[in-house]
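Inside the fold
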2 protein chains.
Amino acid sequence: MLLHGYFRSSAAWRVRIALALKSVRPETRIHNLRTGEHLDEAYRAVNPQALVPALELDDGTVLTQSLAIIGWLDRSYPEPPLLPENTVLRAQVEAFALAIACDIHPLQNLKVLKRLRAAGWSEDEVAGWIRTAIADGFAACEALLPDSAAPFCFGAAPGLADLCLVPQIGSARRFGLDLTPFPRLVAIDAACAGLPAFISARPDRQPDAI
Amino acid sequence: MLLHGYFRSSAAWRVRIALALKSVRPETRIHNLRTGEHLDEAYRAVNPQALVPALELDDGTVLTQSLAIIGWLDRSYPEPPLLPENTVLRAQVEAFALAIACDIHPLQNLKVLKRLRAAGWSEDEVAGWIRTAIADGFAACEALLPDSAAPFCFGAAPGLADLCLVPQIGSARRFGLDLTPFPRLVAIDAACAGLPAFISARPDRQPDAI
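Reading guide: rules and limits
- Residues numbered from 1 in each chain as written.
- Chains lettered and ligands numbered in written order.
- Predicted model: local features only at pLDDT ≥ 70, side-chain atom pairs only at ≥ 80, totals over all residues.
- Helix = DSSP H or I, 4+ residues; strand = E, 2+ residues; numbered from the N terminus.
- Rg over C-alpha atoms; globule rule 2.2 N^0.38 Å.
- Pairing = 2+ DSSP bridges.
- Axes fitted to C-alpha atoms, helices over the stretch in contact; angles between N-to-C directions.
- Domains from an automatic or database assignment.
- Contact = placed C-beta atoms within 7 Å.
- Buried ≥ 20, exposed ≤ 12 C-beta atoms within 10 Å, placed from the backbone.
- Nonpolar A, V, L, I, M, F, W, Y, C, P; charged D, E, K, R; others polar.
- Least-squares fit on C-alpha atoms with pLDDT ≥ 70 in both.
- Parallel < 35°, antiparallel > 145°, perpendicular 65-115°, else oblique.
- Left-handed = near helix turned anticlockwise from the far one by under 90°.
- Right-handed = clockwise from strand over helix to strand, strands pointing away.
- Expected span 1.5 Å × (residues − 1).
- Arc of directions from axis to C-beta.

**Digging into the overall build of chain A**
Assigned secondary structure in chain A consists of nine helices and four strands. The linear arrangement of helices and strands in chain A, starting from the amino end, is β-α-β-α-β-β-α-α-α-α-α-α-α. Computed over the C-alpha atoms, the radius of gyration of chain A is 17 Å, within 12% of the 17 Å expected from 2.2 N^0.38 for a compact globule of 210 residues. For the C-alpha atoms alone, the extent of chain A along its principal axes is close to 45 × 45 × 30 Å.

**Examining the sheet that holds strand S2 (residues 27–30) of chain A**
Residue and element names in this part refer to chain A. On the basis of which strands lie adjacent, the open sheet formed by four strands has the order S2-S1-S3-S4 and mixed pairing. What marks the edges here is a single partner per strand, and that holds for S2 and strand S4 (62–64). Each adjacent strand pair in this sheet contributes to an overall mean axis angle of 20 degrees, direction not counted. By the bridge criterion, three bridges tie strand S1 (residues 2–5) to strand S3 (residues 54–56) in an arrangement that is antiparallel. Bridged to His4 within S3 is Ala54.

**What about the domain arrangement of chain A?**
A common way to state how big an interface is: give the accessible area lost once the parts meet. All names here are of chain A. Domain boundaries in chain A define domain 1 (2–80) and domain 2 (87–198). Computed over C-alpha atoms only, the centres of domain 1 and domain 2 are separated by 20 Å. Opposite the twelve residues of domain 1 that make contact, domain 2 presents 15 residues. Secondary structure elements with two or more residues in the side of domain 1 that touches domain 2: helix H1 (10–21) and helix H3 (66–76). When residues in the side of domain 1 that touches domain 2 are grouped by element, the largest group, eight residues, is from H1.

**Describing unusual backbone geometry**
A:Glu79 connects to A:Pro80 through a cis peptide bond whose omega is -15 degrees. With respect to the helices and strands, the residue A:Pro80 is situated in the loop between H3 and helix H4 (87–101). Backbone geometry at A:Gln65 places phi at a positive 70 degrees, although glycine is not the residue there. Mapped onto the fold, A:Gln65 is located in the loop between S4 and H3. With 29 C-beta atoms counted inside 10 Å, the residue A:Gln65 sits in the buried group. Of note in this structure, B:Ser23 is not a glycine but carries a positive phi near 55 degrees. B:Ser23 gets classed as exposed once you count the C-beta atoms within 10 Å, which come to 10.

**A closer look at the interface of chain A and chain B**
Contacts between chain A and chain B engage 29 residues on the former and 29 residues on the latter. Listed by contribution, the elements that provide at least two residues to the side of chain A that touches chain B are S4, H3, H4 and helix H6 (123–144) of chain A. Taken together, the residues of the side of chain A that touches chain B break down into 19 nonpolar, seven polar and three charged.

**So, the relation of the copies chain A and chain B**
Once turned by 180 degrees and shifted 0.0 Å along the axis, chain A lies on chain B with an RMSD of 0.0 Å. Given the turn and translation reported, the copies of this chain are related as if by a two-fold rotation axis. When C-alpha distances to the rotation axis are compared across chain A, the minimum falls at A:Cys102, with a value of 2.2 Å. A share of 100% of interface residues in chain A that are also interface residues in chain B marks the association as one of identical surfaces.

**Considering the packing of H1(A) against helix H7 (residues 160–174) of chain A**
Residue and element names in this part refer to chain A. Close contact between H1 and H7 brings their axes to 9 Å; oriented N to C, the two are set at 140 degrees. Between H1 and H7, the interaxial angle falls into the category oblique. The two elements H1 and H7 cross, and the hand of that crossing is right-handed. Contacts between H1 and H7 involve Ser10, Trp13, Arg14, Ile17 and Ala18 from the former and Leu163, Cys164, Val166, Pro167, Gln168 and Ser171 from the latter. When the residues that make up the contact of H1 with H7 are grouped by side-chain class, the tally is seven nonpolar, three polar and one charged.

**Notes on the pairing of strand S1 (residues 2–5) of chain B**
Residue and element names in this part refer to chain B. Here S1 runs beside strand S2 (residues 27–30); their pairing, made up of four bridges, is parallel. Bridged to Gly5 within S2 is Ile30. The β-α-β motif built from S1, the intervening helix H1 (residues 10–21) and the parallel element S2 has right-handed crossover chirality.

**Focus on H6(A)**
Residues and elements named next belong to chain A. Over its 22 residues, H6 runs 31 Å from end to end, which matches the ideal 32 Å to within 8%, given 1.5 Å per residue. Those residues of H6 that fall on the buried side of the exposure criterion are Trp129, Ile130, Ala133, Ile134, Gly137, Phe138, Ala140, Cys141 and Leu144. Projected down its long axis, H6 carries its buried residues within an arc of 165 degrees, all on one side. Packed against the buried residues of H6 are H4, helix H5 (110–118), H7 and helix H8 (183–193).

**Regarding the environment of A:Pro80**
All names here are of chain A. Pro80 gets classed as partly exposed once you count the C-beta atoms within 10 Å, which come to 13. Through-space distance from the C-alpha of Pro80 to that of Trp129 is 37 Å; in sequence the pair is 49 residues apart. Residue contacts for Pro80: discarding those within four places in its chain leaves Leu21 and Ala157.

**Observations regarding the sheet that holds S1(B)**
Backbone-to-backbone hydrogen bonds join strands into a sheet, with any given pair of strands oriented parallel or antiparallel. All names here are of chain B. Reading across from one edge, S2-S1-S3-S4 is the order of the four strands in this open sheet, with mixed pairing throughout. Two strands in the sheet have a free side with no partner beyond their single neighbour: S2 and strand S4 (62–64). Across the sheet, the axes of successive neighbouring strands diverge by a mean angle of 20 degrees, strand direction being ignored. Two elements, strand S3 (residues 54–56) and S4, share three bridges in a ladder whose sense is antiparallel. Paired with Leu55 across the two strands is Leu63, which belongs to S4.

Rendered as structure tokens:
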């Protein structure tokens, strides 16, 4: 099994946490998104979207899109579960994850920021765009948490919601967003920060970290 | 069961197709996104993200995010299945759906377009932004299709991938994208267009269509 990634990619970070929670340790191949290594033909043959992460299985099958990879992982390695069995609760956890994966993250990925810069936006304007996208999304995420959330998003064990939240909080901090309005998200992030799976998946623990 | 929607919302359109394929017919409530009806306090109490769709179950539980709602629907009403049982194939179908739901649709939703207009972009510039986002995503979608795709994305029956694709094609046409480079996607859209579930879910068949 081979994970294609990049230390700073939020989506790859999610998958690293999921793999670590499952104690699955694939080989890894790094594609530097800053220098455009992911855009070469060789990687496009692996993932036509030229995005990370992608997970190559031992039979050569390639899985793409972080949430689809994590779903496959959860079905293939059931313990510990990343999603609840209860069908309504499962949909609520997925909604929290999608609120990050669809409504925050795509607005601040590198391709979008490049388009804004190409349109003449200053770095301050780009940073403002990012902070607004994250703040809007985090306000919704706070409201989507169940009243009982503790210490993790949906209870006593970390799962899909947490492994989407933590990289997004990391990104928010990198772009200087004030997290004071989101105390529950910050508390969950702190709870995750002490767990070995979350520690080993951190960008600064990756071999390509700069 | 009550579906909160808007005729032109791609995400609500996906859910309408899924409900129709399952022969589930909830009541509907319309929130005009153009006039900002979705932003009022009453709807925020239903869905803190103030997005459509949201599905209220009979016990008052609210499900949000189209893909999470569709997942719940597929588990609660198994026939016909919207996702394959095979765990790898399932991840590939989900990846195709996420390539649309995460990597295309969020870049062209109303909130983002409003921000670009507020930054002084002309309508031509906004339309160019949209067309680039869809064209980039569709190129990837064509490549993510299995060689065997016919007449639907992943075989002989429509499913999650198709019900994400059709509204995105509708949006592409609305914004004047040339679809010539995407012949397989166009052929799948045409195959879906003849099915009752896809016909009844079309925006122009909704009571709020203008």
